[in-house]
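Residue strings, one per chain:
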Amino acid sequence: MQFLQPPGWVRPKGYSNGVVASGRMVFVAGQVGWDENEKFQTDDLVGQVRQALTNIVAILAQADARPSNIVRMNWYLGDAAEYNARLPEIGAVYRELIGKHFPAMTALQVAGFVEHGAKVEIEVTAMLPA
């Protein structure tokens, strides 16, 4: 895996501009902050981020993948202002579950979620070495 950082660009905080990888791809569907029984245990954004990332780690494990294999993350947020206000807490949860691994990321605010009660949905693409 090679992280792409064009010369002279400011290094992004918490993500990479691009990633080059080869091997077997793992695609994880968007995960909301509910548990394995599709029940939300909290309506708190940080709690839902924790659960969504926990779900992602569990799914990756089924492919013998780890968070360090993630090459791309897409974050869909119900409220970008709340996300930005709570970024230090979200970052702490991210580092606890994913580590200091910062793949290419996109984050955007959406009008709503199919799952009533969701505040975030996160999807990932991972690459296992060939």
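What you see is a predicted model, and the numbers here were worked out from it, not measured in a lab. (Residues numbered from 1 in each chain as written. Predicted model: local features only at pLDDT ≥ 70, side-chain atom pairs only at ≥ 80, totals over all residues. Heavy atoms only, no water.)

A. Representation of the side chain of His101. Within the fold, His101 resides in the loop between α3 (87-97) and β5 (104-109). Among the residues examined, His101 registers a relative accessible area of 10% and is labelled buried. Within the structure, the side chain of His101 is placed 2.6 Å from the backbone oxygen of Ile70, a separation counted as a polar contact. In contact with His101, other than residues within four places in its own chain, are Met1, Phe3, Pro67, Ser68, Ile70 and Tyr94. (Helix = DSSP H or I, 4+ residues; strand = E, 2+ residues; numbered from the N terminus. Buried < 20%, exposed > 50% of the residue type's maximum accessible area, 1.4 Å probe, protein only. Polar contact = N/O pair within 3.5 Å; in protein donor to acceptor, adjacent residues only side chain to side chain. Contact = heavy atoms within 4.5 Å.)

B. Fine view of the sheet that holds strand β4 (residues 70-77). The strand order across the open sheet built from four strands is β3-β6-β4-β5, with neighbouring strands paired in mixed fashion. The strands lining the two open edges of the sheet, one partner per strand, are β3 (24-32) and β5. Each neighbouring strand pair of the sheet contributes to a mean axis angle of 10°, computed without reference to strand direction. With seven bridges connecting them, β3 and strand β6 (residues 120-128) associate as antiparallel partners. (Pairing = 2+ DSSP bridges. Axes fitted to C-alpha atoms, helices over the stretch in contact; angles between N-to-C directions.)

C. How the structure looks around the pattern of salt bridges. Enumeration according to the criterion identifies five salt bridges in this entry. Across the pair Arg86 and Glu82 runs a salt bridge, and its minimum N-O distance is 3.9 Å. Given the relative accessible area of 22%, Glu82 is considered partly exposed. A salt bridge links Glu89 to Arg86, with the shortest nitrogen-to-oxygen separation between them at 2.9 Å. Judged by relative accessible area, Glu89 falls into the partly exposed class, the value being 38%. Taking the relative accessible area as the measure of exposure, Arg86 reaches 17% and is therefore buried. Taken together, the shared-partner salt bridges connect Asp44, Glu82, Arg86, Glu89 and Lys119 into one network. (Salt bridge = Lys/Arg side-chain N within 4 Å of Asp/Glu carboxyl O.)

D. Looking closely at the packing of helix α1 (residues 45-61) against α3. Viewed as axis vectors pointing N to C, α1 and α3 meet at an angle of 20°, and their least axial separation amounts to 10 Å. Accordingly, the angle class assigned to the pair α1 and α3 is roughly parallel. Remark: the crossing between α1 and α3 carries right-handed chirality. Counted together, Leu45, Val46, Val49, Arg50, Leu53, Thr54 and Val57 of α1 and Glu89, Ile90, Val93, Tyr94, Glu96 and Leu97 of α3 form the full contact between these two elements. Considering only residue class, the contact of α1 with α3 consists of nine nonpolar, one polar and three charged. (Parallel < 35°, antiparallel > 145°, perpendicular 65-115°, else oblique. Left-handed = near helix turned anticlockwise from the far one by under 90°. Nonpolar A, V, L, I, M, F, W, Y, C, P; charged D, E, K, R; others polar.)

E. Unusual backbone geometry, seen in detail. Phi is positive for Glu38, which is not a glycine, with a value near 60°. When you line up the elements, Glu38 lands in the loop between β3 and α1. Residue classification places Glu38 among the exposed positions, given a relative accessible area of 52%. Phi at Asp64 takes a positive value of approximately 55°, unusual for a residue other than glycine. Mapped onto the elements of the fold, Asp64 is located in the loop between α1 and β4.

So far we have only geometry, and geometry alone does not tell us how the molecule works.
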